[in-house]
Amino acid sequence: QVRLVESGGGSVQSGGSLRLSCAVSGYTYSKYCMAWFRQAPGKEREGIASIDSDGDTDYVDSVKGRFTISHDNAKNTVFLQMNSLKPEDTAVYYCAARRWSGDYCARFDQYNLWGQGTQVTVSS
C-alpha cells in the first residue's frame with residue numbers, strides 16, 4: 001500500500017523559489033524511479049524531473065538549470081527545489097513513483113503511483 005503525499009506548494013512572485021516535498025510510505029522496492037509532474041489548466045500533464053534510487057537525475061529542458069530533484073532515503077522523502085520561478089511554471093505539481101528495472105526513469109509514461117498534487121502559482 002503505497003502512499004505519496006506532496007506538500008510545499010503555494011504562491012510566489014516571478015524569480016522566487018519554492019521547495020516541494022513528497023513523503024513516501026509503504027514503498028518497498030529497492031530499485032525505484034521517482035518523478036515530479038505538473039499540469040497547468042487546459043494542458044496535458046507532463047513529467048519534468050526524475051530521480052532513480054541511485055540518485056541519478058534527469059530534467060526536461062524547460063526546468064533544467066532552475067529545478068533540482070533530490071531524495072533523502074532515510075526520511076523517505078523526495079524534494080523538488082524550484083528556483084527562478086516563472087509564471088509558466090504555474091501548475092498543480094504531482095510526485096509519482098514506479099519500479100526501476102534498468103530503464104530510464106525519464107520515461108515518464110511508465111509511472112503508475114501518484115500523489116494528490118500541490119498547487120504552485122507564480123505571479124508576474
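For the structure, check the block above.
Everything quoted here is computed from the prediction, not taken from an experiment.

A.B. asks: Could you clarify how one ought to interpret the layout of surface pockets in this entry?
C.D. replies: Empty space among the atoms becomes visible once a probe the size of a water molecule is rolled across them. Each pocket or cavity is described by its volume, and for the largest pocket that value is around 180 Å³. Counting only elements with at least two residues in the lining of the largest pocket, the list comes to strand 3 (18-25), strand 4 (32-39), strand 7 (67-72) and strand 8 (77-82). Across the lining of the largest pocket, the residue classes tally to six nonpolar, six polar and one charged.

A.B. asks: Explanation requested: the pattern of salt bridges in the structure shown.
C.D. replies: It is possible for side chains of opposite charge to pair when their charged atoms get near one another. Scanning the model with the defined rule gives seven salt bridges in all. Here D89 makes a salt bridge to R38, at a shortest N to O gap of 2.8 Å. Taken together, the positions of D89 in the loop between strand 8 and strand 9 (91-99) and R38 in strand 4 put the pair 51 residues apart, joining distant regions of the chain. With respect to burial, D89 and R38 carry one shared label: buried. A single network of salt bridges, built from pairs that share partners, joins R38, E46, R66 and D89.

A.B. asks: What exactly am I supposed to notice about the sheet that holds strand 3 here?
C.D. replies: What links the strands of a sheet is backbone hydrogen bonding, and the strands pair in either a parallel or an antiparallel sense. In space, the four strands of this open sheet follow the order 1-3-8-7, with antiparallel pairing throughout. One side of each edge strand has no neighbouring strand; the edge strands of this open sheet are strand 1 (3-7) and strand 7. Put simply, the sheet's adjacent strands are angled 15° from each other on average, direction ignored. Sheet topology places strand 1 next to strand 3; five bridges connect them, and they run antiparallel. Each residue of the ladder has a partner; that of L4, found in strand 3, is V24.

A.B. asks: In this structure, what is going on with the state of the cysteines? I would like to understand it.
C.D. replies: Evaluated as defined, the whole model comprises two disulfides. Here C22 engages in a disulfide with C95; their sulfurs sit 2.1 Å apart. Between C22 and C95, the S-S torsion sits near 60°, and that sign places the bridge as right-handed. Of the two residues, C22 is situated in strand 3 and C95 in strand 9; the sequence distance between them amounts to 73 residues. Note on C22: relative accessible area 0%, which makes it buried. Between C33 and C105 runs a disulfide, and the two sulfur atoms are separated by 2.0 Å. On the sign convention where negative means left-handed, the S-S torsion of about -75° between C33 and C105 marks this disulfide as left-handed. Here the residue C33 occupies a position in strand 4, and C105 occupies one in the loop between strand 9 and strand 10 (113-114), the gap between them amounting to 72 residues. Taking relative accessible area as the criterion, C33 reaches 0% and is therefore assigned buried. Each disulfide in the protein links cysteines that, numbered along the sequence, combine into the pattern 1-3, 2-4.

Procedures and definitions
- The written sequence of each chain sets the order in which its residues are numbered from 1.
- It should be noted that, the model being predicted, local features are given only for residues of pLDDT at least 70 and side-chain atom pairs only at 80 or more, the latter also being counted only at that level, while totals for whole chains, interfaces and linings use all residues.
- Side-chain calculation: all heavy atoms of the structure are included, whereas hydrogens and water are not.
- Method remark: on a 1 Å grid restricted to protein atoms, a set of points is classed as a cavity if a 1.4 Å probe fits but cannot get out and as a pocket if it is open with protein on both sides within 12 Å along at least five of seven lines; lining residues have an atom within 4 Å of a point.
- Grid points are joined across faces, edges and corners, and a volume is the space filled by probe spheres set on the points.
- In this text, helices come from DSSP runs of H or I with a minimum length of four residues, and strands from runs of E with a minimum of two, each type numbered from the N-terminal end.
- Under the scheme applied, nonpolar residues are Ala, Val, Leu, Ile, Met, Phe, Trp, Tyr, Cys and Pro; charged residues are Asp, Glu, Lys and Arg; polar residues are all the others, including Gly.
- The salt bridge criterion pairs a side-chain nitrogen of Lys or Arg with a carboxyl oxygen of Asp or Glu, the two atoms within 4 Å.
- The buried label goes to any residue with under 20% of its type's maximum accessible area, the exposed label to any with over 50%, and the partly exposed label to all in between, with areas taken from a 1.4 Å probe on protein chains only.
- DSSP-based pairing: two strands are paired if at least 2 bridges between them are found.
- Think of each axis as a best-fit line through the C-alpha atoms, taken over the contacting stretch in the case of a helix, with angles from 0 to 180 degrees between the N-to-C directions.
- Disulfides are defined as pairs of cysteine sulfur atoms found within 2.5 Å of each other.

Shape is all these values report; function is a separate question.
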